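Fold and contact review
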Amino acid sequence: MKQLTKEIISTVKKVILAGEVNTYKVVDNDNDVYFVPIATDNTDYQAVQEWEAIDGNNIADAD
Amino acid sequence: MSSIKLKGSSSGDVTITVPAAAGTNTVTIPAATGNLPLSNLDHVTNRPNAKPLVLNGNMAVAQRSTSTTGITGGGHHTIDRMKVDLSDGGTWTQTQDADVPTGQGFANSWKLDCTTADTSVAAGTFHVARYLFEGQDLQLLKKGTSSAEKVTVSFWIKATVTGTYIAELYDVDNDRQISQAYTVSSANTWEKKVLSFVADTTGALGDDNGSSFSINLWLSAGSNFTSGTLNTTWAGQNLVNRVVGQVNSASSTDNNVYFTGLQMEVGEYDATTIPPFQHESYGDNLQRCKRYCQSTFSQGTAIGAATAAGIIITCAAGTGIGRVATGHQFPVSFRAVPTIVIHNQTGGTTGSGRNGDTGGLITMSAGAASTDAAHFENSENFGNDGAQLQFQFSATSEL
């Protein structure tokens, strides 16, 4: 199972579950979909933060 | 050598012999009544840890897959808890293999097979097999204190490329490291390596669930990591001093590297004194690995495989609504709130479940709000009252 890194993240979108946003829907450059918790000790969330810190990358709002 | 002979009350005798030893040595017999255990004394080890510090060191559990091809990047690809960091170091296939050292009680090894060579190693190239620890699990090392413990790492390796390899301990919390060179002497032959590292009185490990410490077994490295002098004492990391002398394991597609029997012991040991590998039952091993990876797929079935085995089925309620939500409690608490990937029995596409009536794919959402449970729902309407939504999932919270 490949490691989610800022290099392979394509898009990130907020997900509303049970009325709250506590998860991101992350799609990588192979179109694989990950539901990443907004939790600082999750290493995939750490990768999303690194991706977001790159100019031009933005986390989309939930539908 | 001196001896004392104690005559038995009726017949026979017992001789107590003092071995040839320099200095004054004291052996205190405990104030207790009973018999000393004289059989198998060489297997009595006073470990401070009740269970192996390294999980799955016998490479028995491979929840994700027993074989993964085309590996060009980092991740946990096959064997649970065994990770590679890889960049520009060739293409590899990883396998849970049955090739093991004879007579050691192992049934599995972790095979890394080079399928596309990297004969011209670039400066930034790296390929390293890693085992990462949570800081809260290594407080017994007392790292960063005056009572810090020495550490010994032992493993079996079988490699095509002979020569110098580098093993490294890395303190993630404090960016400190220590390296040690070892030699693979014979090509394609199992060799046991026992490497003892000095204690580090600087830099405490966080007492938490974060990634604090790793064993790094290097397979190749570019000049960014090799152009200095090998650092063999604990120090703040200086990239060029970490992997000096490392051979290139990706020099040919004929190359393989196997590992098994990875263990880490508190204290200083050599090839003679290293305690035996602590074998666990498969079930105990699996339960411990589930702190980092779980799925609804059967053991032995690759995560994401096209199979109906392990599917979760939930039904829509209410005519014309077609919305489904369900929960799942994890059998083992995760290290941290996990990342979830949704699969379906057609394989391939992630993020979708399957309409049990039509076979069409249904976009889904998932989220774990805690280390112990997750929530799933479909993101698009489907069917009517009683229509089935079928899906599988994997969840990971690796270090």
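Scroll up for the structure.
Described below are features of the structure shown in this document.

The rules behind the values
Starting from 1, residues in each chain are numbered consecutively following that chain's sequence as written. To label them, take the chains in the order written and letter them from A, then take the ligands in the order written and number them from 1. At least 70 in pLDDT is required for a residue's local features to be given in this predicted model, at least 80 for side-chain atom pairs to be given and counted, and no such filter applies to totals for whole chains, interfaces and linings, which use all residues. Where side-chain values are given, they derive from all heavy atoms of the structure, hydrogens and water being excluded. Numbering of helices and strands starts at the N terminus; helices are DSSP runs of H or I of at least 4 residues and strands are runs of E of at least 2. Think of it in three bands: with a 1.4 Å probe and only protein chains considered, a residue is buried below 20% of the maximum accessible area for its type, exposed above 50%, and partly exposed in between. Nitrogen and oxygen atoms within 3.5 Å of one another constitute a polar contact, given that in protein one can donate a hydrogen and the other can accept it, and given that sequence-neighbouring residues count only through two side-chain atoms. Here a residue-residue contact requires only that any non-hydrogen atoms of the pair lie within 4.5 Å. At least two DSSP bridges between two strands are required for those strands to pair.

The next point concerns the side chain of S249 of chain B. All names here are of chain B. Checked against the element boundaries, S249 lands in the loop between β13 (235-236) and β14 (256-266). Assessed through its relative accessible area of 1%, S249 is described here as buried. A polar side-chain atom of S249 sits 2.8 Å from the main-chain carbonyl oxygen of L219. Apart from residues no more than four positions distant in its own chain, S249 is found in contact with W92, C114, V161, Y165, L219, S220, N255 and V257.

Residues and elements named next belong to chain B. Alignment of strand β5 (residues 91-97) against strand β6 (residues 109-116), held across 7 bridges, turns out to be antiparallel. Opposite T91, over in β6, you have T116 as the bridge partner. When β6 meets β14, the two strands line up antiparallel, connected through 4 bridges. Counted as the bridge partner of W110 is F259 from β14.

Here the focus is unusual backbone geometry. All names here are of chain B. For N56, which is not glycine, the phi dihedral falls at a positive 60°. Among the secondary structure elements, N56 is positioned in the loop between β2 (13-18) and β3 (67-71). You will see that R81, though not glycine, has its phi angle at about 75°, which is positive. Looking at where R81 falls in the secondary structure, it is placed in the loop between β3 and β4 (83-87). A relative accessible area of 2% places R81 in the buried class.

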